[in-house]
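Per-entry structural report
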Amino acid sequence: MAALNRSTLRRLQNLPQIPSVWEGDRRPLSNADSHMMLEDDNDPEAGGECILWVDGSEGVVRAMDMVGPDAGPEAIVRALLRAMEHPQSPAPAVRPQKIVVKNREIQFYLRGVLQDLAISIDYVPELPLIDEIFRGMEEVAVNRPPELPPQYAEVLMEKAAQIWHDAPWRTLREHQIISIEINQWDVASLYVSVLGQGRMDYGVLLYRSLESLKRFRERVVNDESFEDLEQAFLGQDCLFLTFESAADFDEDDEDEEIDLADLPPSEIEPNFGNLHPLEGLRSILYEEEALTMLVALEAFHRFFRNSRRKLGADTFPTLSSRYRIPVPQPDGEIQQISVKVSTMPEVSVELLEMLDDDDDDEDDEFEMPLLRDDLVPPNSFLSLGVVPWQTVEFLRGNAQFHQSAEVDIKADGDGLPVVMIQTSNPKAKTMIQDLKEAGGVKAICFNPGEDPFQDEQYDLGILQAQNGELYLFGEFNENDPVHQEARKKWERRCQLTNGWCGLVIAKGLMGASRGQPQFKDMIALFEVRWVSAKDLGIGPLELMPMF
């Protein structure tokens, strides 16, 4: 049996002990219960059992965990310690006087682990408060409507597969709007905007009004704060179909950008939903919404299939077609609905002008270069370090490509501070060619960045090319002590060289020299300036929502 270490015991013993009785239990959940809690907690690792710790005196849940059925008894102790020190409800950190459980094994295990905490642990046949909580969860799960009405789920999934196969984002840009006139279910027309040009979020948005579409686009291009953009996102009035990966990826793949277009259709999962200013985001379609979506997707599919070549022209054309779309009825009959689909060139020009006006406003203030992330290949090995001066001299004379410094670099310290990027030989050569076409590398910088979705701060490693292009070569968590120490050493070495550093591109990613490239693997050396974030002058960068 595992035991608490002495420092943890002392910390828990220092918590004030109150005369309260806590209930604790661990119970398996039905699939419906588990799905409900997974959605609420957004925890992809959660399994099929729930651990609850409840303060019976106050009637509040102090800790709740979802675990797999194979998790050991330590899991219930971890939840209990969190209930004492960091309760999820607004309650103080305390130690209960008494704990009651309805499982003898849990009782004996807790007695052994908590014997030095002066907590009485008793067995009881019933836990009324926890029983009530689980009954409520089961009722919610039973009454929860399906994401799609069962009678339309199969046909909607077929329509989604059609849209994925059509890949309209290869042809249409987000500002190129198509109207679908339905005149059914209190919907006059829907206005389709396609997502996917950025190769990140794929799908179609079907706005119920042009006003909602224009208002959102206007707020996006005005560079408002993240909070304002979040409100703008939730304020849209539309139905949507988006796509995500249905495959589970290893933890090693989490930091790799995955383009859904590179995955087989079997690994693509469609998501339907609704956005409305008064409802927010809802991942459930009710019957009339499902029928509207069914008709709209089929009409859009037919129109796009018949007009793909014309839609791919340099100028967004004026096109219009009518279709009769079959709609299944509750009695099994099929009703034919006449639908008109049209392009909207004037609206598309108006939306494009919003972007152009915004670009002009930015140009009036300063020209902000685009931060590109297409230089460094995925899965490359990246490190901050130092190359001894002997190695520098060797590379100057023997590397396949060498960009020399404008002056003789002062050879102080233990070597030249470098950013080392190791990838495969073909990709390394492509990187070198891209940088040569950009005029070479001018500077290396670390610039602050923020992901407001995850509330995380980053150091962004940036290469500045001679033509002004900025390339992202790495994202480092600001709180990572390993990176912080490496960066401090790197910048101290840069000071010794009067602000000069290097970029080394190496091959041999998959060989024995992975992470430790040898002389023969280092095929390019760029001698460049190190600049501060202030000198670079672009300010903190923030990840923004795509729609």
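Please refer to the structure higher up on the page.
My aim in this report is to walk through the structure given alongside it, one point at a time.

Reading guide: rules and limits
Residues numbered from 1 in each chain as written. Predicted model: local features only at pLDDT ≥ 70, side-chain atom pairs only at ≥ 80, totals over all residues. Heavy atoms only, no water. Helix = DSSP H or I, 4+ residues; strand = E, 2+ residues; numbered from the N terminus. Buried < 20%, exposed > 50% of the residue type's maximum accessible area, 1.4 Å probe, protein only. Contact = heavy atoms within 4.5 Å. Areas by Shrake-Rupley, 256 points an atom, 1.4 Å probe, with all protein chains shown as cover. Pairing = 2+ DSSP bridges. Core = buried A, V, L, I, M, F, W, Y, C linked by side-chain atoms within 4.5 Å. Arc of directions from axis to C-beta. Salt bridge = Lys/Arg side-chain N within 4 Å of Asp/Glu carboxyl O. Axes fitted to C-alpha atoms, helices over the stretch in contact; angles between N-to-C directions. Parallel < 35°, antiparallel > 145°, perpendicular 65-115°, else oblique. Left-handed = near helix turned anticlockwise from the far one by under 90°. Nonpolar A, V, L, I, M, F, W, Y, C, P; charged D, E, K, R; others polar.

Next up on the list: the overall build of the protein. For the protein, the helix and strand inventory stands at 14 helices and 23 strands. Taken across its 547 residues, the protein has 46% of its residues classed as buried. Long-range contacts, defined here as pairs at least 24 residues apart, represent 68% of the contacts in the protein between residues at least 6 apart. Accessible surface computed for the protein: about 28,800 Å², of which carbon and sulfur atoms make up 47%.

A separate point is the pairing of strand 17 (residues 416–422). Counted residue by residue, strand 17 has 7 buried out of 7 residues, so it is predominantly covered. Of the pairings in the sheet, the one linking strand 17 to strand 21 (residues 500–506) comprises 5 bridges and is parallel in character. Looking across to strand 21, one finds that V418 is bridged to G502.

With 47 residues, the main nonpolar core has I180, V204, F243, F272 and F300 as its most contacted residues. Top contributing element to this core by residue count: helix 9 (residues 287–311), with 12 residues. Apart from residues no more than four positions distant in its own chain, I180 is found in contact with A188, S189, L190, V192, A296, A299, F300, V339, K340 and V341.

Residues T8, L9 and L12 constitute the buried set of helix 1 (residues 6–13). Projected down its long axis, helix 1 shows its buried positions confined to an angular sector of 100°, all on one face. If you follow the buried residues of helix 1, they end up packed against helix 3 (74–85) and strand 4 (95–101).

With that settled, the discussion passes to the pattern of salt bridges. Inspection of every chain in the model, using the stated rule, returns 23 salt bridges. Among the salt bridges present, the one from R27 reaches D131, with a minimum N-O distance of 2.5 Å. Pair noted here: R27 is in strand 1 (residues 17–28) and D131 is in helix 5 (residues 128–143), with a separation of 104 residues, a long-range link. Residue E393 is joined to R396 by a salt bridge in which the shortest nitrogen-to-oxygen separation is 2.6 Å. One end of the pair, E393, and the other, R396, are both in helix 11 (residues 389–398), 3 residues apart, so they sit about a helical turn from each other. R396 gets classed as partly exposed once you look at its relative accessible area, which sits at 27%. When salt bridges that share partners are traced, they join D25, R27 and D131 into one network.

One can describe the packing of helix 3 onto helix 4 (residues 104–113) by two numbers: an axis separation of 10 Å at closest approach and a directional angle of 60°. Looking at the two axes, helix 3 sits oblique to helix 4. Where helix 3 crosses over helix 4, the handedness of that crossing is right-handed. Here helix 3 contributes E74, I76, V77 and L80 to the contact with helix 4, which in turn contributes I106, Y109, L110 and V113.

Pairs of packed helices are described in terms of their axes, by the angle between the two and the distance that separates them. Contact geometry of helix 6 (residues 150–166) with helix 9 gives a least axis separation of 10 Å together with a crossing angle of 30°. With respect to each other, helix 6 and helix 9 are oriented roughly parallel. Helix 9 is crossed by helix 6, and the crossing has left-handed handedness. The segment helix 6 lies against helix 9, with Q151, Y152, V155, L156, K159, Q162, I163 and D166 engaging E287, A290, L291, M293, L294, L297, E298, F300, H301, F304 and R308. Grouping the amino acids of the contact of helix 6 with helix 9 by side-chain chemistry returns 11 nonpolar, 3 polar and 5 charged.

Another point: the sheet that holds strand 12 (residues 320–328). One open sheet accounts for 8 strands, arranged 11-10-9-8-7-6-13-12; its pairing is antiparallel. Lying at the two open borders of the sheet, with one neighbouring strand each, are strand 11 (280–282) and strand 12. Strand-to-strand twist of the sheet, defined as the mean angle between neighbouring strand axes without regard to direction, takes the value 30°. Of the pairings in the sheet, the one linking strand 9 (residues 238–245) to strand 10 (residues 268–276) comprises 8 bridges and is antiparallel in character. From the neighbouring strand, L241 faces strand 10, where its bridge partner is F272. Packing of helix 6 onto the sheet brings it into contact with strand 8 (203–207), strand 9, strand 10 and strand 12, and relative to strand 10 it is tilted by some 105°.

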